[in-house]
Amino acid sequence: MEDELGGESPPVRVHLSNIAVTLKDDGPRIYPTAPQSVPATFILDQVLLERADDGILRLKAGEGKCPRENAARL
């Protein structure tokens, strides 16, 4: 049976703005009476998610106030 996934990943640049990420511990508690852990929330104004020719995804700081303005220069 052949592998259906391609061997190479195309380069990608995704500009994200006003992102909220909440991390919650969903692992089993060792002691049932222990208090629940508090979720951690991160708010990101500008983020660039980029995959280069090497196929590795990188999360970088945003490039300015408006991604659309920056995309015109790329």
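Our subject is the structure listed above.
Note that the structure is a prediction, hence the values are computed from the model and not measured. (Residues numbered from 1 in each chain as written. Predicted model: local features only at pLDDT ≥ 70, side-chain atom pairs only at ≥ 80, totals over all residues. Heavy atoms only, no water.)

Asker: Describe the overall build of the protein, and please don't skip the residues or the numbers.
Answerer: When its secondary structure is counted, the protein shows one helix and three strands. Taken from N to C terminus, the helices and strands of the protein fall in the order β-β-β-α. Considering the protein as a whole, with its 74 residues, one finds that 7% of them fall into the buried category. Nonlocal contacts in the protein, meaning residues at least 24 apart in sequence, comprise 43% of its contacts between residues at least 6 apart. Total accessible area on the protein is roughly 6,800 Å²; 56% of this is exposed by carbon and sulfur atoms. (Helix = DSSP H or I, 4+ residues; strand = E, 2+ residues; numbered from the N terminus. Buried < 20%, exposed > 50% of the residue type's maximum accessible area, 1.4 Å probe, protein only. Contact = heavy atoms within 4.5 Å. Areas by Shrake-Rupley, 256 points an atom, 1.4 Å probe, with all protein chains shown as cover.)

Asker: Quick rundown of the pattern of salt bridges? Include the residues and the values.
Answerer: Enumeration over the complete set of coordinates arrives at three salt bridges. For Glu 50, the salt bridge goes to Arg 13, with nearest N and O atoms at 3.5 Å. Here the residue Glu 50 occupies a position in strand E2 (residues 40-51), and Arg 13 occupies one in strand E1 (residues 12-23), the gap between them amounting to 37 residues. What you see here is one network of salt bridges that share partners, running through Arg 13, Glu 50 and Lys 60. (Salt bridge = Lys/Arg side-chain N within 4 Å of Asp/Glu carboxyl O.)

These figures come from the coordinates and say nothing about function on their own.
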